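# Overview (structure and organization)
Each chain, written out:
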Amino acid sequence: MKYRKFGSLDWEVSALGFGCMRLPQRRINKLRAETNESVKIIRSGIDQGINYIDTAWPYHLGDSEKILGEALQNGYRKKVKLVTKLPVFLLRKSEGFDSYLETQLKRLQADYLDIYLMHGLDKGSFEKAKRLGLFEKFEKAKKEGLINHIGFSFHDTLPVFKEIIDYYPWDMTQIQYNYMDTGIQATTDGLKYAHSKDIAVVVMEPLKGGKLANPPNEALDLLNVSEIDRTPVDWALQFLWDKPEVACVISGMGSQQMVDENCASADRSGIGSLSEMENQVIQKVADIYREKILVPCTTCNYCMPCPVGVDIPGNFATLNNVSMETGWLMTYRARRKYNIFEKNPKKVDSEKPNGNASVCINCGKCLEKCPQHIQIPDELKKVDAILGKGKKISDYY
Ligand code: SF4
Ligand code: SF4
């Protein structure tokens with residue numbers, strides 16, 4: 001494992017962080033996580049040198065923090081920096097802070113957190129955090145020894161990012177960044193801005209919800225022509241570790257194979273390790289992806305569960321698969337997959353979401369939860385038109 005500077009703090013962080021948002025799923029309810037396998041792979045990551053573990057209140061409907069608490073028993077807690085997030089979007093009153101933090105510490109079986117983040121700040125939730133006096137709450141918890149450092153994760157635009165950065169002496173920030181998302185959300189300018197203030201930047205969504213692991217054929221050809229023996233995942237990760245402004249890259253790992261491959265990638269990482277030619281290849285691949293992705297869903301599941309049982313990320317992934325490759329076979333497969341989702345509202349199960357896009361009742365409950373600001377009901381209508389009713393993609397995108 002390689003270790004890197006963490007902003008102004010006096011500890012070194014592993015290049016790779018363990019994200020606990022995409023742990024091995026339970027068989028029946030795929031929104032929830034399976035305990036034994038999850039504990040095993042988290043410990044394996046730590047054994048391979050990972051010392052930064054990230055989770056949050058809503059991940060896997062609360063299973064993630066509990067499972068991480070289990071995984072950090074038997075001496076593992078002291079080997080890592082433990083990081084979780086206050087769900088600002090769920091808070092109604094400032095007193096909620098105390099009960100969330102208390103419950104999270106219990107779930108994690110921990111006396112303190114190394115870092116506590118305000119989760120998913122955007123313009124609205126930042127104003128809410130100020131209004132509810134959350135900054136004072138964080139300060140108090142720090143004085144009481146319940147948290148050591150304070151940060152925020154972010155989903156909005158560059159001006160909002162700079163405003164938040166300038167508002168408070170943060171220890172770290174967590175941003176969505178990968179070779180496709182250099183110009184959206186915090187952007188490369190935001191990454192550099194935070195770094196210039198000695199604030200550690202942790203990167204999330206390095207593979208854009210797994211999409212960069214499976215490039216379209218056109219992009220694969222480009223990667224192969226470069227004659228560098230590297231998997232698509234390794235290309236995406238090395239792009240990030242190449243940058244001096246990135247402290248740690250969190251990967252949401254859901255299998256032993258992912259843990260082993262990502263740790264091996266991290267072993268090979270280094271600042272400035274990519275050549276000019278390699279960076280050019282990555283830019284060309286990013287351009288190909290940008291043309292093909294129709295809905296920028298990262299399958300984060302924040303919008304789930306939908307009250308009527310629509311599998312929102314599943315429907316978007318199915319549509320995105322169609323646009324990744326040309327040809328009737330891909331379209332045929334995607335339409336067949338779409339038909340496996342349930343379209344009879346009476347048979348849809350909101351506990352094990354399996355509904356297709358046509359089941360959406362346009363209640364709008366998912367809208368404010370989506371960090372990508374996707375107009376979910378509108379996009380679902382397009383999914384149903386293209387995959388359910390056989391309309392052309394070009395009529396909608
Ligand atoms: S708008 Fe549609 S997809 Fe979103 S929560 Fe409501 S029913 Fe579900
Ligand atoms: S629609 Fe938005 S909230 Fe839902 S899974 Fe996709 S990116 Fe996440």
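Scroll up to find the structure this text is about.
Residues numbered from 1 in each chain as written. Chains lettered and ligands numbered in written order. Predicted model: local features only at pLDDT ≥ 70, side-chain atom pairs only at ≥ 80, totals over all residues. Heavy atoms only, no water.

## Observations regarding the side chain of Ser153
Tracing the backbone shows Ser153 in strand 7 (residues 147–154). Taking the relative accessible area as the measure of exposure, Ser153 reaches 1% and is therefore buried. Residue contacts for Ser153: discarding those within four places in its chain leaves Lys85, Leu117, Met118, His119, Gly120, Leu121, Gln174 and Met204. (Helix = DSSP H or I, 4+ residues; strand = E, 2+ residues; numbered from the N terminus. Buried < 20%, exposed > 50% of the residue type's maximum accessible area, 1.4 Å probe, protein only. Contact = heavy atoms within 4.5 Å.)

## Comments concerning the pattern of salt bridges
Oppositely charged side chains can form a pair if their charged atoms are brought close together. The full count for this structure, using the stated rule, is 23 salt bridges. The partner of Arg26 in a salt bridge is Asp63, with the nearest N and O atoms 3.2 Å apart. Taken together, the positions of Arg26 in the loop between strand 3 (16–19) and helix 1 (35–47) and Asp63 in helix 2 (residues 63–71) put the pair 37 residues apart, joining distant regions of the chain. You can call Asp63 buried: its relative accessible area is 4%. Put simply, Asp98 and Lys137 hold a salt bridge, and the shortest N to O gap is 2.9 Å. With Asp98 in helix 3 (residues 96–107) and Lys137 in helix 5 (residues 134–143), this pair connects stretches of sequence that are 39 residues apart. The class of Asp98 is partly exposed, set by a relative accessible area of 35%. It is possible to trace a salt-bridge network through shared partners that takes in Lys123, Glu127, Lys130 and Glu163. (Salt bridge = Lys/Arg side-chain N within 4 Å of Asp/Glu carboxyl O.)

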